[in-house]
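What the coordinates show
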Amino acid sequence: MNFTRIHHIAIICSNYERSKHFYVNILGLNIIHEHYRAERNSYKLDLQVGEHTQIELFSFEHPPKRPSYPEACGLRHLAFEVDDIDATIAHLQKHKIAVEPIRIDPVTGKQFTFFHDPDDLPIELYER
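Predicted model only: the values in this text are computed from it and were never measured. (Residues numbered from 1 in each chain as written. Predicted model: local features only at pLDDT ≥ 70, side-chain atom pairs only at ≥ 80, totals over all residues. Heavy atoms only, no water.)

1. Topic: the nonpolar core
Worth spelling out the cut-off: Put simply, buried Ala, Val, Leu, Ile, Met, Phe, Trp, Tyr and Cys residues joined by side-chain atoms within 4.5 Å make one nonpolar core. Relative accessibility thresholds used throughout: buried, under 20% of the residue-type maximum; exposed, over 50%; partly exposed, between the two (1.4 Å probe, protein chains only). In DSSP terms, a helix is any run of H or I states spanning at least four residues, a strand is any run of E spanning at least two, and both are numbered starting from the N terminus. What makes two residues a contact is simply this: any of their non-hydrogen atoms within 4.5 Å.
Core analysis: the largest hydrophobic core is formed by 25 residues, its most contacted members being Tyr23, Ile55, Phe115 and Leu125. Among the secondary structure elements, those contributing two or more residues to this core are strand E1 (8–13), helix H1 (16–26), strand E3 (42–49), strand E4 (53–59), strand E5 (78–82), helix H2 (85–94) and strand E8 (122–127). Looking at this core, the element that brings in the most residues is H1, giving 5 residues. Discounting residues that sit within four places of it in the chain, Tyr23 has contacts with Ile11, Gly28, Leu29, Leu47, Ile55, Leu57, Asp117, Leu121 and Ile123.

Listed below in C-alpha cells is the structure:
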C-alpha cells in the first residue's frame, strides 16, 4: 500500500447549523460543497483544511452522543497545526470558546492545547 495523505475526516454533528457556523465562521474553514440528501434528511458539508485535507460534516437525525469521558476506543481527537498558537487561542476565546491551558509536548518541545466543538469533539491545536 502507498498512502499519500489523509483525504478527509468525517464528523457527525447533532445540530447542523450550529456546527456549520462553528467550522466555517469561527474556525474559518472554506466550504467546498454543500449537499442536502433528502432521502436521509441529512446534510453533507465538505470543508477545506489547508491544501490537501477536508472535513466532511454530516447531519443525521438523532445521532447518539459521543462517549468522551471516560474516553472510548476509536478516534481520539482532531488536531490542527497552527503557526501562532497564542493568536489562535485569542481568536477562539473572542468567540467564547473555552481553551485548556497550553501544554508542552515532552518529545518535540512544541506547545499544544485542546478545545471542543459544539458536540464536545476534542480538537487539538499544535504549534508548527
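On we go.
2. What to know about the packing of aromatic side chains
As a reminder, the rule being used: Within 6.5 Å between ring centres, the rings of Phe, Tyr and Trp (the latter by its six-membered ring) count as paired, and their orientation is classed by plane angle as stacked under 30 degrees, edge-to-face over 60, tilted in between.
Enumeration over the complete set of coordinates arrives at 7 aromatic pairs. Taken together, a centroid distance of 5.0 Å and an interplanar angle of 85° make the contact between Phe22 and Tyr23 edge-to-face. Tyr23 carries the same exposure label as Phe22, and that label is buried. When the ring of Phe58 is compared with that of Phe60, the centres are 5.9 Å apart and the planes differ by 10°; the resulting orientation is stacked. Exposure remark for Phe60: the relative accessible area of 29% places this residue in the partly exposed category. Through successive ring pairs, a cluster of aromatic residues spans Tyr16, Tyr36 and Tyr43.

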